[in-house]
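# Coordinates in review
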Amino acid sequence: MERQCVHSCRGLCAALDVAEHREREAIKEYQRFAAECDYPDVRELLDDLIRDRNRSLAALRVRREALLARFNTLDNINDSFA
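Residues numbered from 1 in each chain as written. Predicted model: local features only at pLDDT ≥ 70, side-chain atom pairs only at ≥ 80, totals over all residues. Heavy atoms only, no water.

### With respect to the pattern of salt bridges
The line we're drawing: Salt bridge, as used here: a side-chain nitrogen of Lys or Arg that lies within 4 Å of a carboxyl oxygen of Asp or Glu. Secondary structure follows DSSP: runs of H or I at least 4 residues long count as helices, runs of E at least 2 residues long count as strands, and numbering of each begins at the N terminus. Under the scheme applied here, a residue whose accessible area is under 20% of the maximum for its type counts as buried, over 50% as exposed, and between as partly exposed, the area being computed with a 1.4 Å probe on protein chains only.
The final tally for this structure, using the stated rule, is seven salt bridges. With a closest N to O distance of 3.0 Å, Arg64 and Glu20 form a salt bridge. Of this pair, Arg64 sits in helix α2 (residues 40-81) while Glu20 sits in helix α1 (residues 14-36), placing them 44 residues apart in sequence. Ionic pairing is found between Arg55 and Asp52, a salt bridge with its closest N-O pair at 2.3 Å. In this pair, Arg55 and Asp52 are both assigned in helix α2, three residues apart and thus about one turn of the helix distant. The class for Arg55 is exposed, based on a relative accessible area of 52%. The exposure class assigned to Asp52 is partly exposed, which follows from its relative accessible area of 36%. One salt-bridge network, in which partners are shared between bridges, spans Asp17, Glu20, Arg24 and Arg64.

### Overview of the side chain of Glu20
How we decide: Two residues form a contact once any of their heavy atoms are found within 4.5 Å.
Given a relative accessible area of 9%, Glu20 falls into the buried group. Not counting chain neighbours up to four residues away, the residues in contact with Glu20 comprise Leu57, Leu60, Arg61 and Arg64.

### Structural notes on a nonpolar patch on the surface
The test is simple: To count toward a patch, a residue needs a relative accessible area above 30% and no salt bridge. Like charges then connect within 9 Å, nonpolar side chains (Val, Leu, Ile, Met, Phe, Trp, Tyr) within 5 Å. To be clear on the numbers: accessible area is Shrake-Rupley with a 1.4 Å probe, and residue cover counts the displayed protein chains and nothing else.
On the surface, a cluster of nonpolar side chains totalling about 330 Å² of accessible area is made up of Leu74, Ile77 and Phe81. Locating Phe81 in the fold gives a position in helix α2. On the basis of relative accessible area, Phe81 is assigned to the exposed category, the value being 71%.

### Digging into α1
Heads up, the rule is: To estimate how far a helix should reach, multiply one less than its number of residues by 1.5 Å.
With 23 residues, α1 extends 33 Å between its outermost C-alpha atoms, agreeing within 8% with the 33 Å of an ideal straight helix rising 1.5 Å per residue. Within α1, burial applies to Ala14, Leu16, Val18, Glu20, Glu23, Ala26, Ile27, Tyr30 and Ala34. Where α1 is buried, its residues meet α2.

Spelled out as structure tokens, the structure:
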């Protein structure tokens, strides 16, 4: 998934899209490995990695929502002057 930054973050942030996509794909892959794994220590490590990736994905979503709120606020301010 190769995308270039368009330098217009207003709903088009390629970096966040790519990061979220990669986190979701990593989670899926780790889940597949964990489901097939017979060794408890390895399965535990994979479960830890899944939890870490889920936290990263949540952090990306929180930041995206904060940016969206900021852009909406700026739009409302700009609209009030029009």
